[in-house]
Amino acid sequence: VQVLASPAQQNTALSRLTTDLKGNLYLSWVTSHDTRSSLYYARLRDQVWSAAMPISQGDDWFVNWADFPFLAVGDSGMTAHWLQKSSEGTYNYDVKAAFYSQQTQTWGKGITIHKDGVSAEHGFVSMFAMKDGHTFISWLDGRNTAEKAPGETSGNPEIASGMTLRAGIFSRDGETIHDWELDGRTCDCCQTSAAMTASGPVVVYRDRSNDEIRDIYITRLIDNHWTSPVPVFSDEWKISGCPVNGPAVAARGHMTAVAWFSARDDYPKVSLAISDNDGESFGAPVSVAEGSTNGRTSIAVLASGNIAVSWLETDGPEAQLLVALYDRAGKQLAKVAVADTKASRRSGFPVIASRGDDVYVTWTDVSGSSQIKVARVRFLTQS
């Protein structure tokens, strides 16, 4: 484990890592001063970060420990998103996205990616760059949760008040190319995650049944149609409130891997399931951590085809950030503690990304004023 000098200074949080199609690594984060929030990013070159570069800032952003802005980098531009309040309601906010042109080397104005025009909760975005300068974005959409005018109805009354999962494909200028509803009733505030498989995009998320079963589901875009959502695994976790603990998915070739948290019968657990057919079906899950964990998982597939999973192990208010390495069959090859942290919300959600066979980890150090940290993990065991 090598801790790298961070380009982010004090009062920073909500860091995310991403790679472009060439394998270059980017870090994004939010800096807060009084009521103003600013989104920055930096690029890693020869284990040294570039200067922090601004994307956008505002005094009307919705900044939340579990719902974070981040960056997607493609072959001809970049896309960034953040959350902006749409009205006085506490959870009334929109997903704003800005698109960077390599031609003009400037960021465009932030646009609202959903076109419902409803003041409600929109967030928990997952996003990746596609070919031809397009960007895939999925998000949780609360347009059906907003209060209706007397006599007004919408859709199936059983799900009319539910949070929905939506997705779209956007041009390099931010124009909507496709727009879909993927699921009419999901868990309200668990992160979504998306990846590109050999067959097309997949989205994983926490579903919500009428009986309050909140297991991890997957849907796949095949031949321009989304498949009916199915569980990655049926934990049968029944919980009356949102656990704010979404899944993570990564893919390479035909292999798709999903890591997630559950706590059926109040027993916390992190699991890993692996598919060799683009997420169409998964093998039996592997137990990553049990008993003393609060989840907050992240996942990456290395160039070797091995899979890295991160999570938090907890001991009361204290926590450790751990990363483990698995082969394609789900056998654990190695495990390492990256950093001590806190179990509180303030420590946020660590995230990992791979470049070659190296794993990069970012988290928020809350031992003083919050500051983003970054480390590189190089596993000596690669088989």
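This is a predicted model, so every value here is computed, not measured. (Residues numbered from 1 in each chain as written. Predicted model: local features only at pLDDT ≥ 70, side-chain atom pairs only at ≥ 80, totals over all residues. Heavy atoms only, no water.)

Attention shifts here to the side chain of Asp207. Its place among the elements puts Asp207 in the loop between strand E17 (201–206) and strand E18 (216–222). This buried residue, Asp207, is left without a salt bridge; Arg185 holds the nearest opposite charge, at 7.8 Å. (Helix = DSSP H or I, 4+ residues; strand = E, 2+ residues; numbered from the N terminus. Buried < 20%, exposed > 50% of the residue type's maximum accessible area, 1.4 Å probe, protein only. Lys, Arg positive; Asp, Glu negative; His and termini not counted. Salt bridge = Lys/Arg side-chain N within 4 Å of Asp/Glu carboxyl O.)

This part is about the packing of aromatic side chains. Taken as a whole and assessed by the stated rule, the structure comprises 13 aromatic pairs. Centroid distance Trp180 to Trp226: 5.6 Å. Interplanar angle 75°. Geometry classified as edge-to-face. Of the two residues, Trp180 sits in strand E15 (residues 176–186) while Trp226 sits in strand E19 (residues 225–226), which places them 46 residues apart along the sequence. Neither residue differs from the other here; Trp180 and Trp226 are each classed as buried. Put simply, the rings of Phe128, Phe136, Trp180 and Trp226 pair up and form one aromatic cluster. Note that Arg296 overlies the ring of Phe349, its terminal NZ or CZ placed 5.6 Å from the centroid. (Phe/Tyr/Trp six-rings, centres within 6.5 Å; stacked < 30°, edge-to-face > 60°. Lys NZ or Arg CZ within 6 Å of the ring centre and 35° of its normal.)

Our focus in this paragraph is the pairing of strand E16 (residues 193–196). As paired strands, E16 and E17 are joined by four bridges and run antiparallel to one another. Residue pairing in the sheet places Met196 in a bridge with Pro201 of E17. (Pairing = 2+ DSSP bridges.)

A separate point is the side chain of Gln371. Here Gln371 is to be found in strand E31 (residues 371–378). Within polar-contact distance, the side chain of Gln371 engages the backbone oxygen of Ala8 at 3.2 Å. Apart from the residues within four sequence positions on either side, Gln371 is in contact with Ala8, Gln9, Gln10, Thr12, Trp363, Thr364 and Asp365. (Polar contact = N/O pair within 3.5 Å; in protein donor to acceptor, adjacent residues only side chain to side chain. Contact = heavy atoms within 4.5 Å.)

Once that is clear, we can look at the environment of Lys238. Tracing the chain through its elements places Lys238 in the loop between strand E20 (230–231) and strand E21 (248–252). A relative accessible area of 59% places Lys238 in the exposed class. When the C-alpha atoms of Lys238 and Ala324 are compared, they prove to be 28 Å apart, with 86 residues separating the residues in sequence. The residues contacting Lys238, other than those within four sequence positions of it, are Asp211, Glu212 and Ile213.

Grouped together as the largest cluster of nonpolar side chains are 51 residues, with contacts concentrated most on Leu71, Trp107, Phe136, Trp180 and Val203. With six residues, strand E9 (residues 93–101) is the largest single contributor of residues to this core. Sequence-distant contacts of Trp180, that is, excluding residues within four places in its chain, are made with Phe136, Leu165, Arg166, Ala167, Gly168, Ile169, Leu221 and Trp226. Counting 21 residues, the second-largest nonpolar core is a separate cluster that includes Met255, Val270, Ile299 and Val309. (Core = buried A, V, L, I, M, F, W, Y, C linked by side-chain atoms within 4.5 Å.)

Once that is clear, we can look at the sheet that holds strand E26 (residues 307–315). The four strands are arranged E25-E26-E27-E28 in an open sheet whose pairing can be described as antiparallel. Edge positions in the sheet fall to strand E25 (293–301) and strand E28 (332–342), since each has one partner strand and no second. Looking at each pair of strands side by side, their axes are set apart by 20° on average, direction ignored. As defined by bridge partners, E26 adjoins strand E27 (residues 318–326) across nine bridges and the pair is classed as antiparallel. (Axes fitted to C-alpha atoms, helices over the stretch in contact; angles between N-to-C directions.)

The next subject is the environment of Val73. Mapped onto the secondary structure, Val73 falls in strand E7 (residues 70–73). The class for Val73 is buried, based on a relative accessible area of 5%. Measuring from C-alpha to C-alpha, the distance between Val73 and Thr19 comes to 6.9 Å, with 54 residues separating the pair along the chain. Discounting chain neighbours no more than four positions away, the residues touching Val73 are Thr18, Thr19, Asp20, Leu21, Tyr26, Met78 and Ala129.

With that settled, consider the sheet that holds strand E13 (residues 135–141). As summarised here, the arrangement of the four strands in space is E12-E13-E14-E15, forming an open sheet in which the pairing is antiparallel. Edge positions in the sheet fall to strand E12 (122–129) and E15, since each of these pairs with one other strand and no more. The average undirected angle you get between the axes of adjacent strands in this sheet is 15°. Relative to strand E14 (residues 163–170), E13 is paired through seven bridges, and the arrangement is antiparallel. Bridged to Asp141 within E14 is Thr164.

Located in the positive-phi region is Gln105, a residue other than glycine, with phi close to 55°. Inspection of the secondary structure assignment puts Gln105 in the loop between E9 and strand E10 (106–107). Judged by relative accessible area, which is 58%, Gln105 ranks as exposed. Even without being a glycine, Asn224 presents a positive backbone phi close to 70°. Inspection of the secondary structure assignment puts Asn224 in the loop between E18 and E19. Residue Asn224 is classed as exposed on the basis of its relative accessible area, which comes to 63%.

A separate point is the confidence of the model for the chain. Chain-level statistics for the chain give a pLDDT mean of 94 and a share of 96% at 70 or above. Of the regions scoring below 50 in pLDDT, residues 149–160 engages in eleven contacts with residues more than four places distant in sequence or in other chains. (pLDDT = per-residue confidence, 0-100.)

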